[in-house]
Every structure is written in structure tokens, then in C-alpha cells.
Amino acid sequence: MDWWDPSHPTSGTSPFLETTVLQNNSFRWKAPSEIDRLFHLRVLFLSNDSFQGTVPTNLKHCSELKELNLVDKKFEDKILEELGSLSTLRTLGLANNNLTGRIPASLGNLSSLTLLSVGDNNLEGSIPAELGRTTIERIQLGINRLTSTIPSSLYNLSNMGDIKLGANQLEGSLSLDIGVAFPHHSQLFHWVSTTEFGKAAKPSSQKHGLESVGGDDLSFINSLVNCTQLQRMAFSHNFLKGPLVITIANFTTQLSWIDLGINQIHGTIPSGIENLVNLTYLDLVMNHLTGSIPPYIGKLHKMQALAHS
């Protein structure tokens, strides 16, 4: 069915409409040009439908828009610079589309933005440093083709609770103060060439990944003790070197998932890891660890998966 019929006398003439939720339907129609007449529109959800074409280009007059969810569409083309003019926008969801090009630096103008979800597209280029000017609490950029380093400005986002950058082609070093910068982290993911949430990462013929600061230590892990809400941590498929620091035993007991597989970590599994009583997943596969699996691992009664080789 056509959900927006321009010939209908009321289509596009409801300027006081505040919320439009049309997700999980089977509409076959491009986003209408008349949408810019909805001057008081605050929420627009079009996810999981059959809309096609490009991201709507005519939202700039929707000056009160706070939530824009276009997840799981077939939208193509680029993320528009114009979205940076929606000054009241708090949530921007464009994940799982076919978007190309760069993440616009203009999104840094969205001072109220708390969620940016553009993962699982074909975005390229670097992460805009301008995003550090926002109030983002959750940022999901995984499964794209992003390159360069993590901009230092992101460490200014002190309310960040969830950051997913995995399955890109990022390089550089992690800040030693990452846990101080992001004390509210609940999930911290940086996967380079593995999979994320069951979706295959886009292949790359080049060698990319993060390295430890100084090239031979995992000191950044020490600062993660400050992340008292941390539940999941994954840094697999990188070039992290050095011994697994004993500080890991002092992590919050909320931690349930540790993935440090396929790095260059050496030494033994530190004692005290049994303090992580809610740990269900521990992956240390394909590193340079020595010794045997320590018996105190048996105290982790909730453990469901252990990978070590």
C-alpha cells in the first residue's frame, strides 16, 4: 500500500503532528517530499519497512525533531550534511542501510545528541573530531570502512556509556586514561576483523588495528577499573602486546564478557580473575600465553564459554 497519498486531502497538511511511527510494515513508497510541512514533528520512526531510495532530504524545516530512526532500511547515498542543522535532535539511527561516503562533520553541531547509530553501512573516512562537541552517551559505528585513528575529542564525552567501533580499519593507540575518560561505560567494543552481533565484518586486504601505548604494554586496561558499570569488553583482532595485567582482577563484578583473543598478549592468566563472579565469556585464544588454565577458573560458576590456546 502507499502510506502517503499526495492526492488525499489531508496528506502533508498536518503541521501539528508530533509523532510518526510506521515501523514493521510493508510500505512501498519513498519518503514523501511533504514531510517538511510537519513543522512540529518530534519523533519519526520508519525502521524495518520497505522504503527505498535515499535518506529524506527535506527534514531541515522539522526544527523540533528529537528522534529520527531510519534503521534497517534500504536507503542508499550519503548521510546528509543537512542533518547537522536539526539542533534539537537527540537520537539519530541510520544503522543497517547501504549508506556510503563520510560521517558528516556537521553532526558535531547537534549539541543535544545522545545516541548516534550508523553501524553496518559502507561509510568511509575518519571519525569526525567534531563529535566531541556533542553530549553523546552511545555511539555505534561498527561494521563500516572507517579508517585513521580514534579522535582524542571523543575522550571528552564523559557520559559515554556504550561505544562500538568494531569491524572497521582503525589504527593508532588507546589512551592510558580511557577508563577515566569514560567512567560510565557499560560496553566497550573495538573489533577489527571479527564479527559483531552475528553479522560478518566487511573484509579488508590491509592490516589494521590498535596497538598498546608504548608498543608493549596493556596499561590502558588499568584505567578501566574506573568503569564501575562495565559489562562487556572486547579488543580482539588487534596488535595489543604485553602481559595480561593483574588489574583485570579488580574490574567491576558486573563484567560478564572479556574478549582479548587474537592479539600478542603473553604471560599467564593472572590470579584474582576468579573475583569476576559474573563472568560468562572469556576469550584469550591465539595469543602468546604460557602455562596451564589455572584451577581458580573453576570458581567462575557462571562461565559458559572459555577459549584459550
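Calculation notes
- Residues numbered from 1 in each chain as written.
- Predicted model: local features only at pLDDT ≥ 70, side-chain atom pairs only at ≥ 80, totals over all residues.
- Heavy atoms only, no water.
- Helix = DSSP H or I, 4+ residues; strand = E, 2+ residues; numbered from the N terminus.
- Buried < 20%, exposed > 50% of the residue type's maximum accessible area, 1.4 Å probe, protein only.
- Contact = heavy atoms within 4.5 Å.
- Areas by Shrake-Rupley, 256 points an atom, 1.4 Å probe, with all protein chains shown as cover.
- Pairing = 2+ DSSP bridges.
- 1 Å grid on protein atoms, 1.4 Å probe; cavity = no way out; pocket = protein on both sides within 12 Å on 5 of 7 lines; lining within 4 Å.
- Points joined across faces, edges and corners; volume = space filled by probe spheres on them.
- Nonpolar A, V, L, I, M, F, W, Y, C, P; charged D, E, K, R; others polar.
- Salt bridge = Lys/Arg side-chain N within 4 Å of Asp/Glu carboxyl O.

Asker: Help me out: how do you make sense of the overall build of the protein in this one?
Answerer: Of the regular secondary structure elements, the protein holds 2 helices and 21 strands. When burial is assessed residue by residue, the protein has 52% of its 309 residues classed as buried. The contacts of the protein with a sequence gap of at least 6 include a subset with a gap of at least 24, amounting to 57%. Here the protein displays about 13,600 Å² of accessible surface, and carbon together with sulfur accounts for 49% of that area.

Asker: Just to check I follow, could you spell out the pairing of strand β18 (residues 264–267) for this structure?
Answerer: Within a regular beta strand, the side chains point alternately toward one face of the sheet and then the other, so they alternate between its two faces. Of the strand pairs in this sheet, strand β16 (residues 241–243) and β18 are connected by 3 bridges, and their pairing is parallel. Across the sheet, the residue bridging to Gly 242 is Ile 265, located in β18. Relative to strand β20 (residues 288–289), β18 is paired through 2 bridges, and the arrangement is parallel. In the strand pairing of β20, Gly 267 is matched with Leu 289.

Asker: What is the right way to look at the environment of Lys 60 in this model?
Answerer: Tracing the sequence through the fold places Lys 60 in the loop between β3 (52–54) and β4 (67–69). In this structure the C-alpha to C-alpha distance between Lys 60 and Phe 39, which are 21 residues apart in sequence, comes to 9.4 Å. In contact with Lys 60, not counting residues within four places along its chain, are Ser 85 and Leu 86.

Asker: Would you mind going over empty space enclosed by the protein with me for this structure?
Answerer: Over the atoms rolls a probe the size of a water molecule, and its path tells where empty space is left. Under the definition given, this model contains 2 cavities of 30 Å³ or more. By volume, the second largest cavity amounts to about 50 Å³. For the second largest cavity, the full set of lining residues is Pro 56, Thr 57, Asn 58, Leu 59, Lys 60, Leu 80, Glu 82, Leu 83 and Leu 86. Taken together, the residues that form the lining of the second largest cavity break down as 5 nonpolar, 2 polar and 2 charged.

Asker: Sorry, what's going on with the pattern of salt bridges here?
Answerer: Side-chain pairs of opposite charge can arise where the charged atoms are in close proximity. Considering all chains together, one arrives at 3 salt bridges under this definition. Across the pair Asp 162 and Arg 138 runs a salt bridge whose closest N-O atoms are separated by 3.8 Å. With Asp 162 in strand β11 (residues 162–164) and Arg 138 in strand β9 (residues 138–140), this residue pair connects regions lying 24 residues apart in the sequence. When its relative accessible area of 5% is taken as the criterion, Asp 162 is described as buried. Overall, Arg 138 belongs to the partly exposed group, its relative accessible area being 38%.

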